[in-house]
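A closer look at the structure
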Amino acid sequence: MGFKTIDSKHIFSGRAIHLWKEQVVYPDGRKVSIEVLKHPGSIGILPLDDQGHIWFVRQYRHPTGGMLLELPAGTLETGEDPKSTAAREIREEIGMAAETITPIGKLYLAPGYSTELMHLFLATGLTPDALELDPGEYLEVEKYPVEEVYRMLDRGEIIDGKSVAILGLMRTRLLGKDRA
């Protein structure tokens with residue numbers, strides 16, 4: 001069984017995304033037109049400090065119509081290793097460096113139309129070490145105790161997809177088996 005791309009046309013390029021229109025032949029012979037958002041990949045980070053607080057950014061996200069509470073994240077630069085991206089982004093977004101950055105998984109953010117693969121990390125051993133924000137970013141740093149974060153998640157106050165996924169992956173590890 002195979003799917004075959006028979007045509008691919010570039011439509012648009014932006015700062016981090018490229019839009020293509022592709023013609024695909026399915027195994028049953030049907031031809032389908034698919035729009036594909038090509039993306040270099042990204043990272044998402046759960047920063048956990050020694051006092052048991054998870055660090056977030058409240059960031060302006062124009063498509064949502066306002067500010068959104070989310071875990072720090074960023075786009076891979078060309079040729080950049082995801083762990084290096086995580087180390088850079090945590091410094092840019094929350095002003096902290098991490099002693100340890102541990103991979104916890106990866107996920108496709110929107111596989112129906114995008115190639116964006118997000119690498120997920122836990123960052124611990126946080127110490128102040130700020131970098132400048134990327135141009136065009138507007139965000140506020142917030143931190144909450146682990147237990148409060150999961151109450152917020154359960155009340156539907158955290159609705160950013162990557163944050164929900166990362167917190168879900170880490171729930172048992174952060175709350176313990178009996179409290180998760």
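That block above? That's the structure.
The written sequence of each chain sets the order in which its residues are numbered from 1. Side-chain atom pairs in this predicted model are given and counted only at pLDDT of 80 or more, local residue features only at pLDDT of at least 70, and totals for whole chains, interfaces and linings cover all residues. Values reported for side chains reflect all heavy atoms of the structure, with hydrogen atoms and water molecules removed beforehand.

Some thoughts on the overall build of the protein
Strands are runs of DSSP state E lasting at least two residues, helices are runs of H or I lasting at least four, and both sets are numbered from the N terminus onward. Each helix and strand in the protein was counted, giving three helices and 10 strands. Helices and strands appear in the protein in the N-to-C order β-β-β-β-β-β-β-α-β-β-β-α-α. Overall, the protein is about 55 × 40 × 30 Å in size when its C-alpha atoms are taken along their principal axes. Counted over contacts in the protein with a minimum sequence separation of 6, partners at least 24 positions apart contribute 57%. Total accessible area on the protein is roughly 10200 Å²; 53% of this is exposed by carbon and sulfur atoms. Residues are treated as being in contact if the distance between any of their heavy atoms lies within 4.5 Å. All accessibility values rest on the Shrake-Rupley procedure with a 1.4 Å probe; residue burial counts only the protein chains present in the view.

Thoughts on the nonpolar core
In this structure, Leu 46, Ile 54, Phe 56 and Leu 167 are the most contacted members of the largest nonpolar core, which totals 24 residues. Among the elements of the structure, strand S5 (53–61), strand S8 (96–108), strand S9 (117–128), helix H2 (146–154) and helix H3 (161–175) are those that each provide at least two residues to this core. Beyond its immediate sequence surroundings of up to four residues, Ile 54 is in contact with Leu 46, Pro 47, Leu 48, Leu 71, Glu 142, Lys 143, Tyr 144, Val 146, Val 149, Leu 167 and Leu 174. Joining through side-chain atoms within 4.5 Å is the link that ties buried Ala, Val, Leu, Ile, Met, Phe, Trp, Tyr and Cys residues into a set, and such a set is a nonpolar core. Here's how the labels work: a residue is buried when its accessible area is under 20% of the maximum for its type, exposed when over 50%, partly exposed in between, all with a 1.4 Å probe on protein chains only. Ile 43, Leu 76, Ile 94 and Ala 123 belong to the second largest nonpolar core, which has 14 residues in total.

Here we look at a nonpolar patch on the surface
Like-charged residues within 9 Å of one another, or nonpolar side chains (Val, Leu, Ile, Met, Phe, Trp, Tyr) within 5 Å, are grouped into patches, provided each residue has over 30% relative accessible area and no salt bridge. Definition used for salt bridges: Asp or Glu carboxyl oxygen within 4 Å of a side-chain nitrogen of Lys or Arg. Together, Ile 11, Phe 12 and Ile 17 line one region of the surface with nonpolar side chains, adding up to about 260 Å² of accessible area. Structurally, the position occupied by Ile 11 is in strand S1 (residues 4–13).

Comments concerning the side chain of Glu 89
The residue Glu 89 is located in helix H1 (residues 82–94) in this model. Here Glu 89 falls in the buried class, since its relative accessible area comes to 2%. Each polar contact in these results corresponds to two N or O atoms within 3.5 Å; when the atoms are within protein, one needs to be able to donate a hydrogen and the other to accept it, and residues that are neighboring in sequence are counted only if both atoms are side-chain atoms. Within the structure, Glu 89 has its side chain in polar contact with the side chain of Arg 88 (distance 2.9 Å). Not counting chain neighbours up to four residues away, the residues in contact with Glu 89 comprise Ile 43, Ile 45, Ala 73, Gly 74, Thr 75, Ile 94 and Asp 134.

Some points on the packing of H2 against H3
Structural elements are reduced to axes, namely lines fitted to C-alpha atoms, with helices fitted over the stretch in contact, and the angle between N-to-C directions of any two is expressed from 0 to 180 degrees. Following both chains from N to C, one finds H2 and H3 inclined at 135°, their axes separated by 11 Å at the closest point. The pairing of H2 with H3 is recorded here as oblique in orientation. Crossing angle aside, the handedness with which H2 passes H3 is left-handed. Across the interface between the two elements, Val 146, Glu 147, Val 149, Tyr 150, Leu 153 and Asp 154 from H2 touch Val 164, Leu 167, Met 170, Arg 171, Leu 174 and Leu 175 from H3. When residue character is reported, Ala, Val, Leu, Ile, Met, Phe, Trp, Tyr, Cys and Pro are called nonpolar, Asp, Glu, Lys and Arg charged, and the others, Gly included, polar. Looking at the contact of H2 with H3, its residues break down into nine nonpolar, no polar and three charged. Oblique is the label for every angle not falling under 35 degrees (roughly parallel), over 145 degrees (roughly antiparallel), or within 65 to 115 degrees (roughly perpendicular). Should the near helix be turned anticlockwise from the far one by less than a right angle, the crossing is left-handed, and should it be turned clockwise, the crossing is right-handed.

Some thoughts on the layout of surface pockets
Think of a ball as big as a water molecule: rolled over the atoms, this probe shows where empty space is left. Size it by volume and the largest pocket reaches roughly 1200 Å³. A cavity here means a set of points on a 1 Å grid, drawn over the protein atoms and nothing else, where a 1.4 Å probe fits but cannot get out; a pocket is an open set with protein on both sides within 12 Å along at least five of seven lines, and a residue lines either one if it has an atom within 4 Å of a point. In this structure, the largest pocket is lined by 40 residues; those nearest its centre are Arg 15, His 39, Arg 61, Thr 75 and Glu 116. Of all the secondary-structure elements, those providing two or more residues to the lining of the largest pocket are strand S3 (31–38), strand S4 (42–47), S5, strand S6 (66–70), strand S7 (73–75) and H1. Tallied by class, the residues present in the lining of the largest pocket amount to 16 nonpolar, 11 polar and 13 charged. Grid points are joined across faces, edges and corners, and a volume is the space filled by probe spheres set on the points.

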